[in-house]
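# Analysis of the macromolecular model
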Amino acid sequence: VYEREFCMKQPSDVPNLVRHYHDAHLKLQQSLKDNYKKINFGLKCPGVLYRKHDLNIYRKYFPRTRLIIGLRHPVSWFESFYNYQSYRNVSLPPTNQLIGRCGP
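Residues numbered from 1 in each chain as written. Predicted model: local features only at pLDDT ≥ 70, side-chain atom pairs only at ≥ 80, totals over all residues. Heavy atoms only, no water.

## Quick word on the nonpolar core
Listed in full, the seven residues of the largest apolar core are Met 8, Val 14, Leu 17, Tyr 21, Val 48, Ile 57 and Tyr 58. At the level of elements, α1 (14-32) and α3 (52-61) are the ones that each hand at least two residues to this core. Take this core: its biggest share by element is three residues, from α1. Discounting residues that sit within four places of it in the chain, Ile 57 has contacts with Met 8, Gln 10, Pro 11, Val 14 and Phe 62. (Core = buried A, V, L, I, M, F, W, Y, C linked by side-chain atoms within 4.5 Å. Buried < 20%, exposed > 50% of the residue type's maximum accessible area, 1.4 Å probe, protein only. Helix = DSSP H or I, 4+ residues; strand = E, 2+ residues; numbered from the N terminus. Contact = heavy atoms within 4.5 Å.)

## Focus: α1
The end-to-end C-alpha separation of α1 is 27 Å, in line with the 27 Å expected for 19 residues at 1.5 Å each. Among the residues of α1, Val 14, Leu 17, Tyr 21 and Ala 24 are the ones counted as buried. Projected onto a plane normal to the axis of α1, the buried residues spread over an arc of 110° and lie on a single side. The exposed residues of α1 that point more than 90 degrees off its buried face are Lys 27 and Gln 30. Elements in contact with the buried residues of α1: α3. One or two positions beyond α1, positive phi appears at Lys 33, with a value near 45°. (Expected span 1.5 Å × (residues − 1). Arc of directions from axis to C-beta.)

Printed below as a string of structure tokens:
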């Protein structure tokens, strides 16, 4: 339904999130017309788990939010992450330089 990834990194991001999701919700509702169904929206943002203020944003502005934690195989996660960063034109070393143990 919503093609763009959206991560709230600070409280000032809340109005943008609400506006974008509200607009997407209305468009979907209009397309369904008489076939109305309850529509749930979701976000996929790992920052919620490592930025303490993110949980506070959800607690304050979206108190009925339910968190679902998904785990991926580390190799498929890395492949997806690497491709996403590459797509965003982030400078990355070749993958063959990323094989082996991490440094001390």
